[in-house]
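Coordinate inspection notes
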Amino acid sequence: MQYGDYIGNVTRLAVELANTGTLDQGGELVGDFFEQHEIIPPPRGAYGDLPDLVRAALAQLVDGAAPEAVHRLLREYPPQMHLSDHDGLGGWHIHFSPNGTEARRWLGQLIAAKLALVAAGDPSVTLGRCAASGCENYFVDQSRNRTRRFCSNACASRTTVAAYRARSAKG
């Protein structure tokens, strides 16, 4: 796995956690990450105040504000950096929490480290807030030209239809 993909995948976990308050345990990304790292999902997807803290961190990063919530994540979930080759592909990569750690702690440590890298200007990941009216969701933009504006096709479509109807009503 490429380094930028790994940061992007973890950042997508952070976005999902912030947008929904939990993680879709049936989702391929979540399932793979948890299984590969021997993490047992928390009962009923309970992550405590971590989703709110991650949402605050994303807001600060997207708005260009001081990343105080990232600092708080780093204090409350200090990463434990080490090298791992658990995937058997013969390449080492950085882990920020030991395999088998309690789910909320593991996720907090991982997200704290990755959002710190994003705050420090890692070029492989761009964060955004959905431009659709009434949607406050965040997204990870790893498109070639970094021009993504919406969190989903549904929000993009809804915005396009609304703009079309507004033009048609004037005509």
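Just so we're clear, the structure is a prediction, and the values are computed from it rather than from any experiment.

1. A word on a nonpolar patch on the surface
On the surface, a cluster of nonpolar side chains totalling about 480 Å² of accessible area is made up of Met-81, Leu-83, Trp-92 and Ile-94. Within the fold, Ile-94 resides in strand β2 (residues 93-95).

2. Here's the deal with the nonpolar core
Counting residues in each nonpolar core, the largest one holds 38 residues, and the members touching the most others are Phe-34, Val-54, Leu-73, Leu-107, Ile-111 and Leu-115. At the level of elements, α1 (3-20), α2 (28-36), α3 (50-63), α4 (68-76), α5 (103-119) and β4 (138-141) are the ones that each hand at least two residues to this core. Here this core gets nine residues from one element, more than from any other, and that element is α5. Ala-132, Cys-135, Phe-150 and Cys-155 belong to the second largest nonpolar core, which has seven residues in total.

3. Regarding the packing of α4 against α5
At their nearest, the axes of α4 and α5 sit 9 Å apart, and the two run at 140° to each other. Between α4 and α5, the crossing angle belongs to the class labelled oblique. Two packed elements cross with a definite hand, and for α4 against α5 that hand is left-handed. Of the residues in α5, those touching α4 at Val-70, Leu-73, Leu-74 and Glu-76 are Arg-105, Ile-111, Ala-112, Ala-113, Leu-115 and Ala-116. Along the lines of polarity and charge, the residues of the contact of α4 with α5 split into eight nonpolar, no polar and two charged.

What counts, and where the lines are drawn
- Per-chain numbering applies: the sequence of each chain, read as written, is numbered from 1 onward.
- Confidence filtering applies because this is a predicted model: local features only for residues at pLDDT of at least 70, side-chain atom pairs given and counted only at 80 or more, and all residues used for totals across whole chains, interfaces and linings.
- As a rule here, side-chain values cover all heavy atoms of the structure and leave hydrogens and water aside.
- What makes a patch is a set of residues exposed beyond 30% relative accessible area and free of salt bridges, joined within 9 Å when like-charged and within 5 Å when nonpolar (Val, Leu, Ile, Met, Phe, Trp, Tyr).
- Throughout, the Shrake-Rupley method with a 1.4 Å probe supplies accessible areas, and for residues the shown protein chains are the sole cover considered.
- Salt bridge, as applied in this entry: a Lys or Arg side-chain nitrogen positioned within 4 Å of an Asp or Glu carboxyl oxygen.
- Secondary structure elements are taken from DSSP: a helix is a run of H or I of four residues or more, a strand is a run of E of two residues or more, and numbering for both begins at the N terminus.
- We call a set of buried residues a nonpolar core when its members are Ala, Val, Leu, Ile, Met, Phe, Trp, Tyr or Cys and they connect through side-chain atoms within 4.5 Å of each other.
- Each residue is placed in one exposure class: buried if its accessible area under a 1.4 Å probe, protein chains only, is under 20% of its type's maximum, exposed if it is over 50%, and partly exposed if it falls in between.
- Structural elements are reduced to axes, namely lines fitted to C-alpha atoms, with helices fitted over the stretch in contact, and the angle between N-to-C directions of any two is expressed from 0 to 180 degrees.
- Throughout, the term roughly parallel applies to angles under 35 degrees, roughly antiparallel to angles over 145, roughly perpendicular to angles from 65 to 115, and oblique to all others.
- Less than a right angle of anticlockwise turn of the near helix away from the far helix marks a crossing as left-handed, whereas a clockwise turn marks it as right-handed.
- The criterion used for residue contact is that any of the two residues' heavy atoms lie within 4.5 Å.
- For this classification, the nonpolar set comprises Ala, Val, Leu, Ile, Met, Phe, Trp, Tyr, Cys and Pro, the charged set comprises Asp, Glu, Lys and Arg, and every other residue, Gly included, is treated as polar.

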